[in-house]
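# Survey of secondary and tertiary structure
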Amino acid sequence: MVTTTRTLEISPDDVVVSRAPWTRRLLAFFRRESLGTFGLVLMLAMTATGLSAELIAPYNPTANDFGAMMDAPSWAHPLGTDQFGRDLLSRIIYGARTALIVGLSSALVGGVVGLILGVGSAYFGGRTDLILQRVFDVLMAFPLIIMALAVVAIFGTGVQNVIIAITIPLIPRCARVVRASALAIREVPYVDAARALGYGHTRIILFHMVPNVMAPFLIMVTAFVGQAVLAEASLSYLGLGVQEPVPAWGLMLQGGAEEYAATAPWIAIFPGVAIVLSVLGVNLFGDALRDTLDPKLRHR
Amino acid sequence: METMAISRLGINALVAGVLALGAPTAMAETPKRGGILTYMIPADGGPSLDGHRETTFAVVHATAPFYSVLIRVNPENPSSTTDFVCDLCTEMPTPTDNGLTYTFKIRKGVKFHDGSPLTAQDVAASWNKIVYPKPGVASARENNFVMVDTITAPDDETVVIKLKYATLSFLPGLADPFAYIYSKKKLDEDMHWYEKNIMGSGPFKLVDYQIGQSIKGERNPDYYHPGQPYLDGFVAIFAPKQAVRTDAIRADRAALEFRSLPPSAREQLVKELGDKISVQESDWNCGNVVTPNHKRKPFDDVRVRKALFLAIDQWKGAQALSKIAIVKTVGGIVFPGSPLAATKEELQQMAGYWPDVEKSRAEARRLLKEAGQENLTFELLNRNVDQPYKIIGTWLIDEWSKVGIKATQKVVPTGPWFDGMRSGEFDVALEANCQNVVNPIADVGRWLPHAVYRENYGFFDDPEEVEIYDKMLKETDISKARILMRQYETRINDQAHQLMVTYWYRIVPMQSYVKGWKISPSHYLNQDLANIWLDK
Amino acid sequence: MYRYIFKRVLLVIPTLLGAAALVFVLMRLVPGDVCVVRLGSSGGTFDPKAIAQCHAELGIDRPVVIQFIDFVWAFLRLDFGTSMWSGAPVTTEIWARLPISLEIAILATVIAIAIAIPLGALSAVKQNTWIDILVRVFAVGGIATPSFWLGIVSLLIVLNFTSAVFGTPWMPPIEYVPIWQDPIRNLAMAFLPAVTVGYRYAAVSMRMTRSAMLEVMQEDYIRTARAKGLINKLIINRHALKNALLPVVTLIGIEFAFLIGGLVVTEQVFNLNGVGRLFVQAVQNQDYTLSQALVMLTVTVFVVCNFFVDLLYAWLDPRIRFS
């Protein structure tokens, strides 16, 4: 009998968890999470609407039509018109684009920066961690709307500044959660092994730590999209967000909506419904995502 | 849709016409005594309680019931621009000395709310505080009284005001609703006392003041106008949110607000409450002003500025906007309807008022091309208030787009709005021009160049304009003053310095049991509530 | 344990200082000049002499570092200065508006807890049934609905409903009276805003209760109890809920501090003279002292809430308690 021995060459890159093919997992997800799928459908609808706004909107969203001010829903204007005679349906469609831009930008930028800071903080530990933690503490002690208010008051209103205003409070929130997960991974021996092998910090962070905090990160980002859309709506309601004549749902709820709520309720109702549906979709999907990705809740 | 809207407006106009301005003989009922009037103040409350120092209507609406003034616009005829009557004086004096000296006799037996007597000394002291404030004391309307030389009280019943030169703008200025008469004793103790305290001789005494919430008053039994005030008291609630105010009137949580509600609120209230609501309407001595920054290219070029004005269709725009905003009448720099104002024909000669809008816009495009600015893009600095600022801003941008100008709005809160204008950091600004008593010659002072009138943010120079104004200020013959006013206005428009866009329009719906109050062109006037009574 | 508490107390200080610095810087970065806003409101006139005077009065012409040191020192002495807009002491301004905000915050909390815990627990126990789905949608709805929109719509509904049913429209009072003076009127005013703010609060707590319960119900000791044959209801009430409550209480504590965010917008809708509305005004008027004080108040409440929650954890977690 001949015994052959082979040394198994394991490198840190090989440490991987085996999974079923992603298509099958996706189908299982849809079956199990009915609400989450519904949420995903809403999200996709919103995204599609926003992306194809030029194609599907019947009117120009900023064209005033003083002959058709505050018209009730009719064949010509399925959702009615606002106080300037602008078609509500078109404004809501273009509003989806603004919501997408604001929501996705804030969520992604806030999330990514938070991810880097959180993982970096966990990875480097020590003094860096301590200082970053204090900074996050301070930033998180401010309610989101108050922080956003201050930023807008300084930099002014408008889409870009609203995005900055909403992104800043999101960063520490993401960093916190990501750091908690990253701390656990840092203890895993293969990180030390990687260091011993001479892999640089960046590589370890990007290829080892980040993929393993993807679950909480993705969950946070989906939650952020919802929060960002709501924050934009609140800022616009206070008059400090996106400005006329840009079509944005929150802006549509300000001024005109309240003023004409009794005589032309459609101006107040439809943009609100749009916000609720979008944020609902995002949150339902995020919930389902968390239920799937969070190992503690996986066995039910 | 449109016909329905128009006929609804028609009915409203009829209702309004029956009840509205300038008809002092319409009320033949006898006022009933008693009751508490609850009204709302559409603001968060002014910084201080001192009328001399503040400029916001919120202070007047909250504190005017507690004070007396020397002379005022006739509360029974407040839309008149010439009917001034005495409050504390006994009769309106005829100026002597070639119009340089005014001698007022003060009523006897007037008492402050703390029991101390009010004499000419108090009147003189209060007016000296307004015209010649001591260092450290702010007086917001100091500039209106540059013609005043001295104010003295030779005895306890006489006040003598001497002017440096005779002018038509003095008497209207004296009827300033902010010119409360304070107690000399209190002023001597502490010049700032009235900033945080209320003690006057007006129809109501202070009961309670809750910061940011409400202010309450009760009848002053020693009030010197016989029979008044009819009300037992009043409650004024600070309510900056418009939807809340409309709902509050609807549910009779408050009877009215004294500033203005937009047309939609009027429609809603009339539709729901029918004859339980009465509406008073009036042109307003306020308007928006388009001010290009002359220090910024390309607005240093008169052709570009003129093109901006020519692109705007004020006539049609005002008509359409009057359905959704508190605007209505197109006018020039003088309050429409006053003797010095431009007639429609005179207006239509000026840029921004041409009756043929196609011609006007063609001319605008031609001027832009000549100046090499066909693709003009800029930012309009606007204030973060819906009615009517943001609505006008949105409308203007649409109008400008019709001649190829691509403008965007930069909407900021009040602070940065002022700041942007003062520092000259803007392209074109949408300003507000609100005056209180209709005082045309003083009112048009704000169109003077920055060097003369610091709050003109056009940042231009125009010595010819200043010359015309100086002549007009010292002109005592009204027909000659009118000719000079036409010259003044035409000069401003020729040079395209600034443009007045749509005068505002006051719409005051109220519970119909509120009687006695008459609307005027200024929301600062007629707020002491002495002639209001409740029919219930 | 005392070491832990001491360390936590020590941490509070740099957080508050950092927040103070941030607030100070932010307020000063805001463009605009409180004196200008104060002296010239709607096309009124003001003169540079008066403005310079105003600056000197308020001390904003001194070097920035001095102003900051002044600010921190005064804060430590609990002297919050005077509002730059009105000249009244900041404590007076805030004190006048605290009652209504506090009342709504407390009412909202009560409503939230009353709804969230039973519904959350129910949803967890009846997991994946239609009850669960209904509760979950209800909860997510609370997170998705902008509170001001809910406020606007609810006011509309109340007005139209009372108008249709009773002939005259009814709306909550717009003038505040303290609860001991006229409890019915006071509650009539506070009820609708409390529900509007509380809905979101309840939604978040409901979700947390549900997931905490789900986690606890997986635990071995629950399975053991079931195996032993204990009645389900007993298990839930006695064991599961009690242990699930810890993260829920934590969340409620933390979210309470965030209520002020919801108040800022809700007080606008219902015209409430509260701290949230005061904050918006202060920012719009560039009133540094008032804005600073308000933000510091919010931050302090948050930090203190967190601190107490940490203490609670320390006490409940035997590893820390007995160290």
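For the structure itself, consult the block above.
Source: prediction; values computed, not measured.

## A word on the interface of chain B and chain A
Chain B puts 25 residues into the contact, and the matching count from chain A is 24 residues. Taking both partners together, chain B and chain A bury about 2,100 Å²; carbon and sulfur atoms supply 57% of that area. The three residues of chain B that bury the most area against chain A are Ser264, Ile324 and Thr394 of chain B, which together make up 22% of that side's buried surface. In this structure, the connection of chain B to chain A is made through zero residue pairs in polar contact (both at pLDDT 80 or more). Contributions of two or more residues to the side of chain B that touches chain A are made by helix H7 (242-250), helix H8 (263-273), helix H10 (314-321), helix H13 (386-401) and strand S13 (406-412) of chain B. Examining the composition of the side of chain B that touches chain A, we find that seven residues originate from one element, H13 of chain B, more than from any other.

## Let's talk about the pairing of strand S11 (residues 277-292) of chain B
All names here are of chain B. Counting buried residues along S11, 15 of its 16 residues qualify, which places the element largely inside the surrounding structure. In this sheet, strand S15 (residues 499-511) lies alongside S11 in antiparallel orientation, the contact comprising eleven bridges. Each bridged residue has a counterpart across the sheet, and for glutamine 280 the counterpart in S15 is valine 508. Of the pairings in the sheet, the one linking S11 to strand S14 (residues 428-434) comprises seven bridges and is antiparallel in character. Residue pairing across strands places glycine 287 opposite asparagine 433, the latter belonging to S14.

## What to know about unusual backbone geometry
Negative phi values dominate among residues other than glycine, just as trans dominates among peptide bonds. A cis amide bond links glutamine 228 of chain B to the next residue, proline 229 of chain B, at an omega of -5 degrees. Turning to its location among the elements, proline 229 of chain B is positioned in the loop between strand S8 (214-219) and strand S9 (233-238). Non-glycine residue phenylalanine 459 of chain B carries a positive phi angle of around 55 degrees. Within the secondary structure layout, phenylalanine 459 of chain B lies in the loop between helix H15 (440-443) and helix H16 (463-473). Even without a glycine there, the phi angle at asparagine 271 of chain C is positive, about 55 degrees. One can find asparagine 271 of chain C in the loop between helix H10 (232-270) and helix H11 (275-284).

## Details of the packing of helix H4 (residues 88-124) of chain A against helix H7 (residues 159-186) of chain A
Residue and element names in this part refer to chain A. Orientation of H4 relative to H7, taken along the N-to-C sense of each, is 35 degrees, at an axis distance of 5 Å. As for the relative orientation of H4 and H7, their crossing is right-handed in sense. Its residues placed into classes, the contact of H4 with H7 shows 21 nonpolar, eight polar and two charged.

## Structural notes on the pattern of salt bridges
Scanning all chains against the criterion turns up 44 salt bridges over all chains. Residues glutamate 54 of chain A and arginine 97 of chain A are paired through a salt bridge, measuring 3.0 Å at the closest nitrogen-oxygen approach. Of this pair, glutamate 54 of chain A sits in helix H3 (residues 53-56) while arginine 97 of chain A is found in helix H4, placing the two residues 43 residues apart along the sequence. Salt-bridge contacts for arginine 141 of chain B lead to aspartate 176 of chain B; the nearest nitrogen and oxygen are separated by 2.8 Å. With arginine 141 of chain B in the loop between helix H3 (120-131) and strand S5 (148-155) and aspartate 176 of chain B in the loop between helix H4 (170-174) and helix H5 (184-189), the pair connects residues that are 35 residues apart, well separated along the chain. Classification of arginine 141 of chain B by relative accessible area gives buried; the value is 10%. Using a relative accessible area of 3% as the deciding quantity, one classes aspartate 176 of chain B as buried. A cluster of three or more residues bridged by salt bridges with shared partners is formed by Asp301, Arg303, Glu363, Arg366 and Glu370 of chain B.

## Quick notes on the interface of chain B and chain C
At the interface, 50 residues of chain B touch 50 residues of chain C. Interface area for chain B against chain C, summed over the two sides, is near 4,200 Å², with a carbon-plus-sulfur share of 52%. Its largest share of buried area at the contact with chain C, chain B owes to Pro47, Ile211 and Arg253 of chain B, together 16% of the area lost on that side. Remark: the boundary between chain B and chain C carries one salt bridge. A salt bridge links lysine 216 of chain B to glutamate 175 of chain C; the nearest nitrogen and oxygen atoms lie 3.3 Å apart. The tally of links from chain B across to chain C stands at four residue pairs in polar contact (both at pLDDT 80 or more). For the side of chain B that touches chain C, the secondary-structure elements that each account for two or more residues are S8, S9, H7, helix H14 (414-423) and S14 of chain B. The leading source of residues in the side of chain B that touches chain C is H14 of chain B, at six residues.

## Quick look at the state of the cysteines
One way to say it: the disulfide is the covalent bond shared by the sulfur atoms of two cysteines. All names here are of chain B. One pass over the full model with this rule turns up two disulfides over all chains. Cysteine 86 shares a disulfide with cysteine 89; S-S distance 1.8 Å. In this structure the cystine formed by cysteine 86 and cysteine 89 twists about its S-S bond by roughly -105 degrees; its chirality is therefore left-handed. Each of the two residues, cysteine 86 as well as cysteine 89, counts as buried.

## What to know about the sheet that holds strand S6 (residues 158-163) of chain B
Residues and elements named next belong to chain B. Pairing is antiparallel across the open sheet formed by three strands, whose spatial order is S4-S6-S5. A single partner strand is all that each edge strand has here, and the edge strands are strand S4 (101-105) and S5. Neighbouring strand axes in the sheet, compared pairwise and without regard to direction, differ in orientation by 15 degrees on average. Where H3 meets the sheet, its contacts fall on S5 and S6, and the angle it forms with S5 comes to roughly 165 degrees.

## Section: the packing of H4 of chain A against helix H10 (residues 214-237) of chain A
Residues and elements named next belong to chain A. Close contact between H4 and H10 brings their axes to 8 Å; oriented N to C, the two are set at 135 degrees. Judged by the angle between their axes, H4 and H10 are oblique. Where H4 crosses over H10, the two elements pack in a sense that is right-handed. Two secondary-structure elements touch here, H4 through Ala99, Val102, Gly103, Leu104, Ser106, Ala107, Leu108, Gly111, Val112 and Leu115 and H10 through Phe217, Val221, Phe224, Val225, Ala228, Val229 and Glu232. Along the lines of polarity and charge, the residues of the contact of H4 with H10 split into 13 nonpolar, three polar and one charged.

## Points about the environment of isoleucine 275 of chain A
With respect to the helices and strands, isoleucine 275 of chain A occurs in helix H13 (residues 266-293). For isoleucine 275 of chain A, a relative accessible area of 1% puts it in the buried group. Sequence separation between isoleucine 275 of chain A and glycine 103 of chain A is 172 residues, and the spatial gap between their C-alpha atoms is 11 Å. Not counting chain neighbours up to four residues away, the residues in contact with isoleucine 275 of chain A comprise Val229, Leu230, Ala233, Trp249, Gly250 and Leu253 of chain A together with Ala144 and Pro146 of chain C.

## Some words on the pairing of S14 of chain B
Residue and element names in this part refer to chain B. Most of S14 is tucked away, with seven of its seven residues classed as buried. Burial of the side chains of S14 extends over both faces: Val428, Leu430, Ala432 and Cys434 are buried on one face and Ala429, Glu431 and Asn433 on the other. Judged from the two bridges that link them, strand S12 (residues 377-383) and S14 form a sheet pairing that is parallel. Across the sheet, residue leucine 381 finds its bridge partner in S14, namely alanine 429.

Rules of the game
- Residues numbered from 1 in each chain as written.
- Chains lettered and ligands numbered in written order.
- Predicted model: local features only at pLDDT ≥ 70, side-chain atom pairs only at ≥ 80, totals over all residues.
- Heavy atoms only, no water.
- Contact = heavy atoms within 4.5 Å.
- Buried area = accessible area lost by both parts, 1.4 Å probe.
- Polar contact = N/O pair within 3.5 Å; in protein donor to acceptor, adjacent residues only side chain to side chain.
- Helix = DSSP H or I, 4+ residues; strand = E, 2+ residues; numbered from the N terminus.
- Buried < 20%, exposed > 50% of the residue type's maximum accessible area, 1.4 Å probe, protein only.
- Pairing = 2+ DSSP bridges.
- Axes fitted to C-alpha atoms, helices over the stretch in contact; angles between N-to-C directions.
- Left-handed = near helix turned anticlockwise from the far one by under 90°.
- Nonpolar A, V, L, I, M, F, W, Y, C, P; charged D, E, K, R; others polar.
- Salt bridge = Lys/Arg side-chain N within 4 Å of Asp/Glu carboxyl O.
- Disulfide = S-S within 2.5 Å.
- Parallel < 35°, antiparallel > 145°, perpendicular 65-115°, else oblique.

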